[in-house]
Amino acid sequence: AAYDAQVLKFYYWTDDPAQAQMVRATLPGAFNPPSVVAASTGEFYAFFPDFINNMMYLFYWPDIVANKNPQITSVAGSVGGKWSAVFDEARRRVIVIGQSLGQLHFFNDQGVFTGTLSGIRAPGNDPRSSLQYPALQLCPENRLHVAWATSDSVAYANNNAVSYRDIGYMGAPDLRNWASG
């Protein structure tokens, strides 16, 4: 199939032969692999970028075993090919970051989009640096850690050889007071 004619199929695998390989969702478009997170209470979340319509999709299952059809939430203008996500148990929310945009997206535990926080930048705010390979980690004290590599955005956009320049890091206990390095 052409790049823009993919059909994403999300399967649920289990040892139960009656449940094995049940398709949990399908979506046409142009995708990269998802980032997935789960809550301790069983909710399951999967994030997919669609490069054709510049959307990020959140597929939310209150119970992935019982529910075949997910609730789907889209966020316009938030596409990125590399993702990371965490579930914040203390605040009952999902936090997502995608490459290049320098934004954290927030969803409540029911999969509803609640907002965006901008401000993640390359060291020195280099306008030619593009955020790549983001990673999120939430420690037990509820401090959010965000790390990423940077690349030359011009070379990346022109499909030239990409060299990764820096590793960036920011962390905050409350997402209002960032500490960067």
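Given the structure is predicted, the values throughout are model-derived calculations rather than measurements.

Draft legend 1. Structural view of the packing of aromatic side chains. Here the structure, examined in full by the defined rule, presents six aromatic pairs. Taking the centre distance of 5.7 Å and the plane angle of 50° together, the rings of Phe 44 and Trp 61 count as tilted. Here Phe 44 is found in strand E4 (residues 44-50), whereas its partner Trp 61 is found in strand E5 (residues 55-61), with 17 residues between them in sequence. For Phe 44, a relative accessible area of 18% corresponds to the buried category. With a centroid separation of 5.6 Å and an interplanar angle of 65°, the aromatic rings of Phe 107 and Phe 113 are classed as edge-to-face. Phe 107 sits in the buried class, given a relative accessible area of 0%. The class of Phe 113 is partly exposed, set by a relative accessible area of 31%.

Draft legend 2. Highlighting unusual backbone geometry. The phi torsion at Arg 92 lies on the positive side, around 50°, for a residue other than glycine. By the secondary structure assignment, Arg 92 is in the loop between strand E7 (83-88) and strand E8 (93-98). Among the residues examined, Arg 92 registers a relative accessible area of 24% and is labelled partly exposed. Of note, the phi angle at Asn 142 is positive, near 70°, even though the residue is not glycine. Among the secondary structure elements, Asn 142 is positioned in the loop between strand E11 (129-138) and strand E12 (144-152). Asn 142 sits in the partly exposed class, given a relative accessible area of 23%.

Draft legend 3. Summary view of the side chain of Asp 88. Residue position: Asp 88 is located in strand E7. Asp 88 gets classed as buried once you look at its relative accessible area, which sits at 0%. Within polar-contact distance, the side chain of Asp 88 engages the side chain of Arg 91 at 3.0 Å.

Draft legend 4. Broad picture of the sheet that holds strand E6 (residues 71-76). With antiparallel pairing, the four strands of this open sheet are ordered in space as E3-E4-E5-E6. Two strands close off the open sheet at either side, each with one partner strand: strand E3 (35-38) and E6. Strand-to-strand, the axes of this sheet are offset by a mean angle of 20°, without reference to chain direction. One ladder, built from six bridges, connects E5 with E6; its direction is antiparallel. If you follow Met 56 over to E6, its bridge partner there is Val 75.

Draft legend 5. Expanded view of the sheet that holds strand E10 (residues 113-118). Taken together, the four strands give an open sheet; going across it, the order is E7-E8-E9-E10, and neighbouring strands pair in antiparallel fashion. Looking at which strands have only one partner, the edges of the open sheet turn out to be E7 and E10. Along the sheet, successive strands turn relative to each other by an average axial angle of 20°, direction set aside.

Draft legend 6. View of the nonpolar core. Core analysis: the biggest nonpolar cluster contains 14 residues, and Val 37, Tyr 45, Phe 47, Met 56, Val 94, Val 96 and Phe 107 have the highest contact counts within it. Where this core is concerned, the elements lending two or more residues are E4, E5, E7 and E8. Judged by nonpolar contacts, the second largest core, of twelve residues, contains Val 86, Ile 97, Leu 138 and Met 170.

Conventions we followed
Residues numbered from 1 in each chain as written. Predicted model: local features only at pLDDT ≥ 70, side-chain atom pairs only at ≥ 80, totals over all residues. Heavy atoms only, no water. Phe/Tyr/Trp six-rings, centres within 6.5 Å; stacked < 30°, edge-to-face > 60°. Helix = DSSP H or I, 4+ residues; strand = E, 2+ residues; numbered from the N terminus. Buried < 20%, exposed > 50% of the residue type's maximum accessible area, 1.4 Å probe, protein only. Polar contact = N/O pair within 3.5 Å; in protein donor to acceptor, adjacent residues only side chain to side chain. Pairing = 2+ DSSP bridges. Axes fitted to C-alpha atoms, helices over the stretch in contact; angles between N-to-C directions. Core = buried A, V, L, I, M, F, W, Y, C linked by side-chain atoms within 4.5 Å.

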